[in-house]
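Letter by letter, the chains look like this.
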Amino acid sequence: MEKILTDELWISFIETAHKTNTFSNYENYYKSLVSWLKSHKETIGDDFIERYELDTILYITPKDYVLESSEYHGISLLMEKDRMFGRKPETLESLLMRIRDTLWDLITISSKKDCPVCEGELRYFLAKQENHIEKIVLECASCTWTENLDGSEWKEGIIQFYPINKAELLKNGVQI
Ligand SMILES: [Zn+2]
């Protein structure tokens, strides 16, 4: 079911762009988007938060995850006011996808390897399975391809993806 993005919700979102620290650095930008999502969780609805996999990234500690250089994620803080807040999307879904993609872009680390299917960018994630087993995997940013660190195809089924930061990758012997 599609949900219309009401003017009221959109205006409250735009107010984020007018707050003093929103664009001062990547960590603050991340916090601003998350803070808006949290304060409108009831209006957005838990089903939508889950559907767009926002629940996994709303409660991480930003300073441990947010990548503080645009070379990692290609996001320019000078452009975000227009890109994120400039045009009202028709549906709530579109807005949530826009926010979700940006939040993930701000925290996910590229492996600098290309996807064998579509040549897209492979990024590091922590996959958590039903039996609580956690594994570091690489997932393509453009298609659904997922592989193990040795390059073999991931076939074990994933319950949920979680972000993984530099320190955790290094601790697990992954060279980045
Ligand atoms: Zn791909």
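Residues numbered from 1 in each chain as written. Predicted model: local features only at pLDDT ≥ 70, side-chain atom pairs only at ≥ 80, totals over all residues.

## Quick look at helix 8 (residues 92-107)
Next, step 1: With 16 residues, helix 8 extends 23 Å between its outermost C-alpha atoms, agreeing within 8% with the 22 Å of an ideal straight helix rising 1.5 Å per residue.
Next, step 2: Along helix 8, the residues that are buried comprise Leu92, Leu95, Leu96, Leu103, Leu106 and Ile107. For helix 8, the buried positions fall inside an angular range of 95 degrees around the axis, keeping them on one side.
Next, step 3: In the core, the buried residues of helix 8 are packed alongside helix 2 (26-39), helix 3 (41-44), helix 4 (46-51), helix 5 (62-65) and helix 6 (70-73). (Helix = DSSP H or I, 4+ residues; strand = E, 2+ residues; numbered from the N terminus. Expected span 1.5 Å × (residues − 1). Buried ≥ 20, exposed ≤ 12 C-beta atoms within 10 Å, placed from the backbone. Arc of directions from axis to C-beta. Contact = placed C-beta atoms within 7 Å.)

## Some remarks on helix 2
Next, step 1: Here helix 2 is 14 residues long and its end C-alpha atoms lie 20 Å apart, about the 20 Å a rise of 1.5 Å per residue gives.
Next, step 2: Listed as buried for helix 2 are Tyr26, Tyr29, Tyr30, Leu33, Trp36 and Leu37. For helix 2, the buried positions fall inside an angular range of 130 degrees around the axis, keeping them on one side.
Next, step 3: Against the buried residues of helix 2 lie helix 1 (7-17), helix 3, helix 5, helix 7 (77-85) and helix 8.

## What to know about the domain arrangement of the protein
Next, step 1: Its domain assignment divides the protein into domain 1 (7-107) and domain 2 (110-171).
Next, step 2: For domain 1 and domain 2, the distance between their C-alpha centroids amounts to 23 Å.
Next, step 3: Every contact between the two is made by 7 residues of domain 1 and, on the other side, 6 residues of domain 2.
Next, step 4: Split into classes, the residues belonging to the side of domain 1 that touches domain 2 amount to 5 nonpolar, 1 polar and 1 charged. (Domains from an automatic or database assignment. Nonpolar A, V, L, I, M, F, W, Y, C, P; charged D, E, K, R; others polar.)

## Details of the environment of Asn21
Next, step 1: Take Asn21: it is sitting in the loop between helix 1 and helix 2.
Next, step 2: Asn21 sits 10 residues away from Lys31 along the chain, and the two C-alpha atoms are 9.9 Å apart.

## A look at the pairing of strand 2 (residues 121-128)
Next, step 1: Summarising the sheet, strand 1 (residues 110-114) and strand 2 pair through 2 bridges and their orientation is antiparallel. Among the inter-strand pairings, Ser110 is bridged to a residue of strand 2, identified as Arg123.
Next, step 2: Taken together, strand 1 and the strand that follows it, strand 2, pair antiparallel across an intervening segment of 6 residues, in which Glu119 is found at a positive phi of about 65 degrees.
Next, step 3: Summarising the sheet, strand 2 and strand 3 (residues 134-140) pair through 7 bridges and their orientation is antiparallel. Bridging from a neighbouring strand, Tyr124 pairs with Leu138 of strand 3.
Next, step 4: Counting the residues between successive antiparallel strands, the hairpin from strand 2 to strand 3 contains 5 residues, one of them, His132, with a positive phi of roughly 70 degrees.
Next, step 5: Relative to strand 5 (residues 160-162), strand 2 is paired through 3 bridges, and the arrangement is antiparallel. Bridging across to strand 5, Ala127 finds its partner in Phe161. (Pairing = 2+ DSSP bridges.)

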